[in-house]
Amino acid sequence: CERGYLKVRNGSGLANNIRRSFIEDGCSVILKVREPNGLYEPGFGPGIRLLWSDGQEVGMTAWEWGPDHQKDRFRAFGPDVEKWGDLPATRNWMRIDLAAEAVALKTSTDGKTWRDVVSVPRANLSGPPAELVIGHGNMQDGLLQQFFYSSFFDEVIVSRPIQATA
């Protein structure tokens, strides 16, 4: 089990992520996020994602602009999947479970009771992921780079085996 803390401060439309090699499988990746401060561009909320060596990705962000300009939603995504979730609370946990049959993306307001957002079939993904990405925004810069914005991350946890879901 690994733990850590992170604050990312940058321009609102800048992609600012920490990437590390991640060849784990059959585990949970859990990230606690606090409500960000500052102005930000749609598509650039605090998030977590896993990248596969063939370019596939699965991940989740919080406080994004949702469909029909509904502000501050969770967004979960993967190959051929995008789902908008509920409104985040002031503190939230985002979780990715890497199981043999699917990659499940979940949210929680207490870190104990989990709500399913979306599940991505492992048939759409080849092997284990190659990288873990934690940070602010997408993988490329956006347009609104003049506003400052901070994303806060606590309790970055990678655990094996997959933690039980309440």
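Look a little higher up for the structure.
For clarity, every value in this text was computed on a predicted model and none was experimentally measured.

**A look at the side chain of arginine 95**
- Tracing the backbone shows arginine 95 in strand β8 (residues 91–98).
- Of the polar contacts made by the side chain of arginine 95, one reaches the side chain of aspartate 97; its length is 2.8 Å.

**Description of the pairing of strand β11 (residues 131–136)**
- The element β11 is largely enclosed, with a buried count of five among its six residues.
- Relative to β11, strand β2 (residues 16–21) runs antiparallel, the two being bridged by six bridges. Each residue of the ladder has a partner; that of asparagine 16, found in β11, is histidine 136.
- Two strands pair when backbone bridges link them, and strand β4 (residues 46–51) and β11 are joined in this way by six bridges, in the antiparallel orientation. Directly across from glycine 47, in β11, lies its bridge partner glycine 135.

**What about the environment of glutamine 56?**
- Mapped onto the elements of the fold, glutamine 56 is located in the loop between β4 and β5 (57–64).
- Sequence spacing of glutamine 56 and proline 129 is 73 residues, and the spatial spacing of their C-alpha atoms is 8.8 Å.
- If near-sequence neighbours (up to four positions away) are discounted, glutamine 56 is found in contact with Leu50, Leu51, Pro79, Asn124 and Leu125.
- Within the structure, glutamine 56 has its side chain in polar contact with the backbone oxygen of asparagine 124 (distance 3.5 Å).

**Concerning the nonpolar core**
- Among the nonpolar cores identified, the biggest contains 29 residues, and Phe22, Leu31, Ile48, Met94, Val103, Leu105 and Leu132 are the most heavily contacted of them.
- The dominant element in this core, judged by the number of residues it contributes, is β5, at four residues.
- Apart from residues lying up to four places away in sequence, isoleucine 48 is in contact with Val29, Leu31, Val58, Gly59, Met60, Met94, Ile96, Leu132, Val133 and Ile134.

**A short note on the packing of aromatic side chains**
- Within this structure, the stated rule accounts for zero aromatic pairs.
- One residue, arginine 95, lies across the ring of tryptophan 114, its end atom 4.9 Å from the ring centre.

**Structural notes on the side chain of serine 108**
- With respect to the helices and strands, serine 108 occurs in strand β9 (residues 102–108).
- Assessed through its relative accessible area of 3%, serine 108 is described here as buried.
- Apart from the residues within four sequence positions on either side, serine 108 is in contact with Asn92, Trp93, Thr113 and Trp114.

The rules behind each value
Residues numbered from 1 in each chain as written. Predicted model: local features only at pLDDT ≥ 70, side-chain atom pairs only at ≥ 80, totals over all residues. Heavy atoms only, no water. Helix = DSSP H or I, 4+ residues; strand = E, 2+ residues; numbered from the N terminus. Polar contact = N/O pair within 3.5 Å; in protein donor to acceptor, adjacent residues only side chain to side chain. Buried < 20%, exposed > 50% of the residue type's maximum accessible area, 1.4 Å probe, protein only. Pairing = 2+ DSSP bridges. Contact = heavy atoms within 4.5 Å. Core = buried A, V, L, I, M, F, W, Y, C linked by side-chain atoms within 4.5 Å. Phe/Tyr/Trp six-rings, centres within 6.5 Å; stacked < 30°, edge-to-face > 60°. Lys NZ or Arg CZ within 6 Å of the ring centre and 35° of its normal.

By themselves, these figures tell us nothing about what the structure is for.
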